[in-house]
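# Structural description and commentary
As a plain string of letters, each chain reads:
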Amino acid sequence: MKKKLDTKELVQKYRIYLVPSALLGLSIFMLFFVILPQFTALSDNSRTIDDQKRVIEDLSKSINAINEVNGPQIAENLTVANLALPTTKDVILIYTSLTALAERSEVQIKNFSVRVGNFYTKQVKGAPPPPAATVGSSASLKIQLVISAPNFNSVTNFSKNIYENLPLAEVNTLQANEKSGTLEINFFFKPVDIAALSRQTFISGLTPVEKSTLEKITQWNNLSN
Amino acid sequence: MKNQINLVTQRVDTKKNVRKVFLASFIVFCISFFFSALLLLMVLFQNNEITTLSSQKSQLESSITSQREARENAALIKERLSEINKVLTTRFDLNIKLAQVLSVLPPAITVRSVDVSKERITLVVASPDLSDFDIFLDDKIVSLDPIKDLKDIKRIDMNGFHVDRKTAEYSVTLTFNLNKAIQR
């Protein structure tokens, strides 16, 4: 009975502190269960918003780039680009291009040979891999050409003109005298990875370097037509 | 004795203290409530923005997907141009080297034949006058700048001296060995 009275007295005595205690308790609850978790959510959301904005910006740029590249010239540009760097070993294209160039350079093609390359069997363990004629990631097809020319300059002009002709090529060796010449030429080609191209979501516009390259090869193509 | 007992003053002090505690706790609660509400609103606003951005992103993605052919064309032309640029910047141009070497020869010397590779340039040159070769060796070669003019040339060999009695010409074979650095 005495104890009961004590509790009552205690409640009576500290009754005035009940409301402040409850308010403080609620404040602490809000701090740990509302304010602090919301700070984490805010920072996570900010990161997500930044990422989304970046993706949207890239996608918008891609759409602009697609529209820019896919102008009225797209078919012509693609043709020129594929002519400059064919997707396969196109011997007919190379021969046609060389005969047209020979005509322009006033030389005659006497012999045209294609070096298809060596045959390789399954690689022996530990043996070095077969050599590949490549520049960057493009492969090349070796052509040997014998030409006859009215003079030495015609041979060297023909060799120079090969560098401003399509498909792209480099002269490996040149043997020339006053009336004829033998050239070993590498013609570049590169297959297209359609699957990789289809997977590409983000596409940037043509860079100034790419634009100038396109202009250059278009000019060379116009020269040969 | 009566003067020492002052119950009224103690009660007033306690009331003042209680009021202070109540006020402080109320202020703390208000601040917590304000910040909680503010943060919740901010998070709600951000969630709304994320939803808007997601739908915008989906629209753009579907727009790109619908332009499949155009996208592939754009990607293809970019890939081709990038590769073409690589080839253009890395391919070996022996005509430049040949022109450099031919520019060193005196005008009276004529070139009978050339054999150019990535390693060396071999010229068979001829002249009716032997002094032209002296000019080449004593003046032309000596006057060349080793850094500017001879930077690609490692060594020059002169051999196969020959006299053609029919044409009354002297001919010689000049071999310009090129530096490894310029060979790709």
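Residues numbered from 1 in each chain as written. Chains lettered and ligands numbered in written order. Predicted model: local features only at pLDDT ≥ 70, side-chain atom pairs only at ≥ 80, totals over all residues. Heavy atoms only, no water.

### A closer look at the overall build of chain A
- Per the secondary structure count, chain A includes seven helices and five strands.
- Secondary structure of chain A in N-to-C order comes out as α-α-α-α-β-β-β-α-β-β-α-α.
- Burial status across chain A gives 36% buried among its 225 residues.
- Pairs at least 24 residues apart make up 74% of the contacts formed inside chain A by residues separated by at least 6 positions.
- A total of about 13,400 Å² of accessible surface is found on chain A, and carbon and sulfur atoms cover 58% of it. (Helix = DSSP H or I, 4+ residues; strand = E, 2+ residues; numbered from the N terminus. Buried < 20%, exposed > 50% of the residue type's maximum accessible area, 1.4 Å probe, protein only. Contact = heavy atoms within 4.5 Å. Areas by Shrake-Rupley, 256 points an atom, 1.4 Å probe, with all protein chains shown as cover.)

### A look at unusual backbone geometry
- Leucine 166 of chain A connects to proline 167 of chain A through a cis peptide bond whose omega is 0°.
- A positive phi angle is found at glutamate 106 of chain A, which is not glycine, with a value near 60°.
- Within the secondary structure layout, glutamate 106 of chain A lies in the loop between α4 (91–104) and β1 (108–115).
- Residue classification places glutamate 106 of chain A among the exposed residues on the basis of a relative accessible area of 58%.
- In this structure, alanine 168 of chain B takes a positive phi of about 55° despite not being glycine.
- You can see alanine 168 of chain B is positioned in the loop between β3 (153–164) and β4 (169–178).

### Some thoughts on empty space enclosed by the protein
Residues and elements named next belong to chain A.
- One pass over the structure, following the stated rule, counts one cavity of 30 Å³ or more.
- Within this model, the largest cavity holds a volume of roughly 30 Å³.
- For the largest cavity, the full set of lining residues is Pro86, Thr88, Lys89, Asp90, Ile94, Leu141, Pro167, Phe187, Phe188 and Phe189.
- With three residues, strand β5 (residues 180–189) is the single largest residue contributor to the lining of the largest cavity.
- Looking at the lining of the largest cavity, its residues break down into seven nonpolar, one polar and two charged. (1 Å grid on protein atoms, 1.4 Å probe; cavity = no way out; pocket = protein on both sides within 12 Å on 5 of 7 lines; lining within 4 Å. Points joined across faces, edges and corners; volume = space filled by probe spheres on them. Nonpolar A, V, L, I, M, F, W, Y, C, P; charged D, E, K, R; others polar.)

### Focus: the interface of chain B and chain A
- Contacts between the two partners involve 63 residues from chain B, matched on the other side by 81 residues from chain A.
- Among the residues of chain B in contact with chain A, Lys78, Arg80 and Arg91 of chain B are the three that bury the most area, contributing 11% of the side total.
- Counting every contact that joins chain B to chain A gives five salt bridges.
- A salt bridge links arginine 112 of chain B to glutamate 178 of chain A, with the shortest nitrogen-to-oxygen separation between them at 2.8 Å.
- Counting every contact that joins chain B to chain A gives 23 residue pairs in polar contact (both at pLDDT 80 or more).
- Among the elements of the structure, α1 (7–66), α2 (68–90), α3 (94–104) and β1 (110–116) of chain B are those that each provide at least two residues to the side of chain B that touches chain A.
- Counting residues per element, the side of chain B that touches chain A draws most heavily on α1 of chain B, which supplies 27 residues.
- When the residues that make up the side of chain B that touches chain A are grouped by side-chain class, the tally is 31 nonpolar, 16 polar and 16 charged. (Buried area = accessible area lost by both parts, 1.4 Å probe. Salt bridge = Lys/Arg side-chain N within 4 Å of Asp/Glu carboxyl O. Polar contact = N/O pair within 3.5 Å; in protein donor to acceptor, adjacent residues only side chain to side chain.)

### Here we look at the packing of helix α5 (residues 152–161) of chain A against α3 of chain B
- Running from N to C, α5 of chain A and α3 of chain B cross one another at 140°; their axes reach a closest spacing of 9 Å. Looking at the two axes, α5 of chain A sits oblique to α3 of chain B. Within the contact between the two elements, α5 of chain A uses Thr156, Ser159 and Lys160 of chain A and α3 of chain B uses Leu94, Asn95 and Leu98 of chain B.
- Here the residues of the contact of α5 of chain A with α3 of chain B are counted per class, giving two nonpolar, three polar and one charged. (Axes fitted to C-alpha atoms, helices over the stretch in contact; angles between N-to-C directions. Parallel < 35°, antiparallel > 145°, perpendicular 65-115°, else oblique.)

### Notes on the confidence of the model for chain A
- Here chain A averages 84 in pLDDT, while 88% of its residues score no lower than 70.
- The least confident element of chain A, judged by mean pLDDT, is strand β2 (residues 134–135) of chain A at 54; the most confident is β5 of chain A at 93. (pLDDT = per-residue confidence, 0-100.)

### A word on helix α4 (residues 131–143) of chain B
Residues and elements named next belong to chain B.
- An ideal rise of 1.5 Å per residue puts 18 Å on 13 residues; α4 measures up with 17 Å between its terminal C-alpha atoms.
- At leucine 137, α4 shows its largest kink, close to 25°.
- Those residues of α4 that are buried are in contact with α3, β2 (120–127), β3 and β4. (Expected span 1.5 Å × (residues − 1). Bend = angle between axes of the 7 residues up to and from the residue.)

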